[in-house]
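Okay, here's what each chain looks like letter by letter:
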Amino acid sequence: MVVWSGCLDFDCNTATQDGGRWEARTDTWQPMSLLGAPTPRYAATAVWTGQQMMVWGGWGCLLPTFCGTALKTGGLYCGTFPTFTLTCSPSQLQGYRGEALQATCTLQSLGGFQETVTMSCPDVPAGVTCQFSPNPVVLPPDGNVDVTLTLQLGPSAPFGTHTLTVVGTSPSVTQTMSLQLQILRGPRFIGPPAPSEP
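Residues numbered from 1 in each chain as written. Predicted model: local features only at pLDDT ≥ 70, side-chain atom pairs only at ≥ 80, totals over all residues. Heavy atoms only, no water.

Participant: Is there a simple way to explain the packing of aromatic side chains in this structure?
Facilitator: Aromatic ring pairs are described here by two measures, namely the spacing of the ring centres and the angle between the planes. Tallied over the entire structure, the rule returns one aromatic pair. Note on Phe-84 and Phe-113: the rings are 5.2 Å apart at their centroids and 45° apart in plane angle, and the pair reads as tilted. Here Phe-84 is found in strand 10 (residues 83–89), whereas its partner Phe-113 is found in the loop between strand 12 (100–110) and strand 13 (116–120), with 29 residues between them in sequence. Here the basic side chain of Arg-97 rests over the ring of Phe-159, its NZ or CZ set 4.0 Å away from the ring centre. (Phe/Tyr/Trp six-rings, centres within 6.5 Å; stacked < 30°, edge-to-face > 60°. Helix = DSSP H or I, 4+ residues; strand = E, 2+ residues; numbered from the N terminus. Lys NZ or Arg CZ within 6 Å of the ring centre and 35° of its normal.)

Printed below as a string of structure tokens:
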């Protein structure tokens, strides 16, 4: 929830130019930056787009003790709300039946996010198992954690190219990433043995 501007007294002789964000998960308030904020006002119109808040109009103060001037100005608030990002590298894996393939998935906290994230890959093909280590993980505020993804290709894993979805789920945010898995027809050729020394 975002709250911005208003009256400091019953008669609205003074308007404010500040605000705050309330985080329901932690029941805490955080102050909003005043960089580029509109002039003090009350009864302004605000619209939330899901990522930004636009403030327009309202009544402002031309004199220190009188607030009743209609305003034709506004501003756009681009606040960063707590969330996290999910990336995996490499994003393309290939191997043969019987092999274990690995990728590193990085979880990055943004905006002070600090929840427990559980990793999963719900759409792996039959014959392929998916494991994450560690799992679940607790992200430190504005920090990151690397998680190792291991795909075990069983003897019945289907040949061909498959698109897998890696999912990170917390109580308030879910992030996904697509990963390409190519299962090759084998066995893997490892070359002739090295010649022995005389």
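Participant: Hey, could you run me through the side chain of Arg-41 in this one?
Facilitator: Mapped onto the fold, Arg-41 is located in strand 4 (residues 41–42). Residue classification places Arg-41 among the buried positions, given a relative accessible area of 0%. Among the polar contacts made by the side chain of Arg-41, one reaches the main-chain carbonyl oxygen of Gly-57 at a distance of 2.9 Å. A polar atom in the side chain of Arg-41 sits 2.9 Å from the backbone oxygen of Thr-73. (Buried < 20%, exposed > 50% of the residue type's maximum accessible area, 1.4 Å probe, protein only. Polar contact = N/O pair within 3.5 Å; in protein donor to acceptor, adjacent residues only side chain to side chain.)

Participant: Explain a nonpolar patch on the surface here, please?
Facilitator: A contiguous nonpolar patch, built from Met-1, Val-3 and Trp-29 and spanning about 330 Å² of accessible area, is present on the exposed surface. Residue class for Met-1 comes out exposed when judged on its relative accessible area of 53%. (Patch = residues over 30% accessible without salt bridge, like charges linked within 9 Å, V, L, I, M, F, W, Y side chains within 5 Å. Areas by Shrake-Rupley, 256 points an atom, 1.4 Å probe, with all protein chains shown as cover. Salt bridge = Lys/Arg side-chain N within 4 Å of Asp/Glu carboxyl O.)

Participant: Would you explain the nonpolar core in this entry?
Facilitator: A general trend in soluble globular proteins is that nonpolar side chains are found buried together. If you look at the biggest cluster of nonpolar residues, it comprises 29 residues, and the most contacted ones within it are Leu-107, Met-119, Leu-149, Val-166, Leu-179 and Leu-181. Elements supplying a minimum of two residues to this core: strand 10, strand 12, strand 13, strand 14 (128–133), strand 16 (144–153), strand 17 (160–169) and strand 18 (174–184). The element contributing the most residues to this core is strand 16, with five residues. With sequence-adjacent residues up to four places away left out, Leu-107 is seen in contact with Phe-84, Thr-85, Leu-86, Val-117, Met-119, Val-137, Leu-139, Gly-143, Asn-144, Val-145 and Val-147. Judged by nonpolar contacts, the second largest core, of five residues, contains Trp-4, Met-53, Val-55 and Tyr-77. (Core = buried A, V, L, I, M, F, W, Y, C linked by side-chain atoms within 4.5 Å. Contact = heavy atoms within 4.5 Å.)

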